[in-house]
Amino acid sequence: MPTVEKERVSNYDPNKQLRRRQHDPEHQPTKNRKQLARENGYGMDDDVVRGRRKKGRQLSAQQMMAPIKIETAYMTAETITVRDLTERIGKPAAEIIKKLMLLGIMATINQELDFDTASLVASEFGVTLEMKLDKTAEDALVAENVEDSEEELQPRPPVITIMGHVDHGKTSLLDYIRKSKVAAGEAGGITQHIGAYTVSVNGKQITFLDTPGHEAFTAMRARGTQATDIAILVVAADDGVMPQTIESINHAKAAKCPIIVAINKIDKPGADPESVKQELTRYELVPEEWGGDTIMVPVSAHTGEGVDDLLENVLLLADVLELRANPNRKARGVIIEAKLDHARGAVATALVQNGTLHVGDMVVAGNAYGRVRAMVSSRGERLKNALPSTPVEIIGFGGVPEAGDEFMAVADEKLARQVVEERAAKQRASMVKTSSASTLEDLYSKLEQGEVKDLNIIIKADVQGSVEAVKQSLEKLSNSEVRVRTIHSGVGAVTENDVMLAGIDGATIIGFNVRPDAKARAAAERDGIDIRYYRVIYQAIEDVEKAMKGLLAPTFRENVLGHAEVRNVFKITGVGMVAGCYVTDGKLQRGAQVRLLRDNVVVYEGKLSSLQRFKDAVKEVADGYECGVCLENFSDVKEGDVVECFVMEEIPR
């Protein structure tokens, strides 16, 4: 053991550290406390560095660093997590959570707070919180979209949508135009149909959107895009103006889109174009030869008569509208339709509205982005670039965009990814959609604040006479401060399309002796659309009058309990007519009020006199079960009718 100690001592070289410092340039000598303190800016004096007492007091490490007082902090987004707020205002998370609990908010460290809540908490600690939003990728996208100068703009082909009533010949007219103007001279005709195509007339191009009428038209408006320049309204000469014709007129007018009327089927024996023109004057479409400004062309999709004249009028109106775009910039446009193809991935039919789209461009559409790998024209040809008003099929999106989404070509993939991520985050944050629709209750407050100048209404009734009566009576209520404007009216149930239109234009729906279908009811609840139901015209007039004067204060609200479908009807001696029903949703409750709906039109409103399961009288029957129903003082029940059960609830003032 002593021998080992001697060896250790004998092997020790006192000059080893010195030689290491001389030969190793990376070797750094150990710094003393004073040097370290000065380098880190603690501002300690020599006594503190040497660990001595100063004035008889030992300083701790916390006292050595001067505390930083935060007076103002900033939020760089719409919301902030509790964790981030602790870092911004310099307070422990536990204290912030405690303050939130006192405010009645149970929060975790990852809870997101809005600006008002966060600023309230910060003020409790004497910190002023200010909103200073970071520049987002969406802002960068908007910044790229500069206005085009007059010199840069060049004429572009018009984009046409064909609308009209079912069986009036929309598809036949499209087919005739496509066969005569597109397939002529092409080997093999059309190889592919992509929902939009371009035709050539007298050396000029016209783009047609082959979409299902006003429904697609409205869906695009709902997403804030407007793809159509001119709407062609097809009306059959032997049938005249029908409900969907009126809907098409109203939707085109709401979109402020010029209308050309094609009076179709003039080759049929019972055709009367003059009668159609007369009917259309009721909807403010007056033919040019009668002193109006609407072009009306008699055509036959079967023989082709008048089609060339129609297309020439389209070009004439396009010249008047001066449709122009700048082809020398990044492309912008709208997605017409999109699908997932198992062989090619996400495939989108897009209409370029401005700029030129090239193969290899990075594009963003809604919550999808990708690089354009290939573009196919309506003729099935591979394209390298697409000019304004050109419809193309795009392959290359990472996800499937939605019809009506606006697409943009962007500088690089990083920006595209950031934009999509921001949009997805915003979508998650605002899951509850706030609707622009005005309820009658809040109309007066909006009038006072100057938010509303028009009260937009949609009228649906059981018969056309009621529609006209309600429309005229309500529009007479217009005054200098507010104008009552009917944006759409029609016969039949309140549909999902009506609810969608009400959401776009901030309208209230008035149902006269009609009810909404299931899809419309769900859409109205989701979007907060106000649907009012009336059976007496004076009640509707009274409600709108009171709403305009700020006096409307409803004390009762209708609460729908459920619906049941009548499957069978039988007569029981001593009881009367009994309806065998199947409860489709909600529940039926004995003693509650009911309506009997036939094709969503109210045929009876009263009380449920008896409710039975087999031979037993029951208080209520839940969905998925069958029951027997008797209506008070009513026996005209038919198979297929729907029983709607509801109660009137008092609203606390």
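Residues numbered from 1 in each chain as written. Predicted model: local features only at pLDDT ≥ 70, side-chain atom pairs only at ≥ 80, totals over all residues. Heavy atoms only, no water.

Turning next to the overall build of the protein. Of the regular secondary structure elements, the protein holds 20 helices and 33 strands. Of all 653 residues assigned to the protein, the portion counted as buried reaches 42%. Restricting to contacts in the protein with at least 6 residues of sequence separation, those with at least 24 account for 70%. When the accessible surface of the protein is summed, it comes to about 35700 Å², and 49% of that surface belongs to carbon and sulfur atoms. (Helix = DSSP H or I, 4+ residues; strand = E, 2+ residues; numbered from the N terminus. Buried < 20%, exposed > 50% of the residue type's maximum accessible area, 1.4 Å probe, protein only. Contact = heavy atoms within 4.5 Å. Areas by Shrake-Rupley, 256 points an atom, 1.4 Å probe, with all protein chains shown as cover.)

This brings us to the pattern of salt bridges. Opposite charge on two side chains lets them pair, provided their charged atoms get close. Counted by the stated rule, this structure contains 22 salt bridges. The shortest N-O distance in the salt bridge between Arg598 and Asp636 comes to 3.8 Å. Remark: Asp636 occurs in the loop between strand 32 (626–631) and strand 33 (642–650) and Arg598 occurs in strand 28 (residues 593–598); sequence separation between them is 38 residues. We classify Asp636 as partly exposed; its relative accessible area is 40%. In this structure, Arg598 and Asp641 form a salt bridge, with 2.8 Å as the shortest nitrogen-oxygen distance. You can see Arg598 sitting in strand 28 and its partner Asp641 sitting in the loop between strand 32 and strand 33, a full 43 residues away along the chain. The structure contains a network of salt bridges with shared partners spanning Arg515, Glu558, Arg595, Glu605 and Glu644. (Salt bridge = Lys/Arg side-chain N within 4 Å of Asp/Glu carboxyl O.)

Here the focus is the confidence of the model for the protein. Mean pLDDT over the protein stands at 78; residues scoring 70 or higher make up 77%. Across residues 183–193 the pLDDT falls below 50, and counting only partners more than four positions away or on other chains, this stretch makes 16 contacts in the model. Confidence over residues 431–437 falls short of pLDDT 50; this stretch has 15 contacts with residues more than four positions distant or in other chains. (pLDDT = per-residue confidence, 0-100.)

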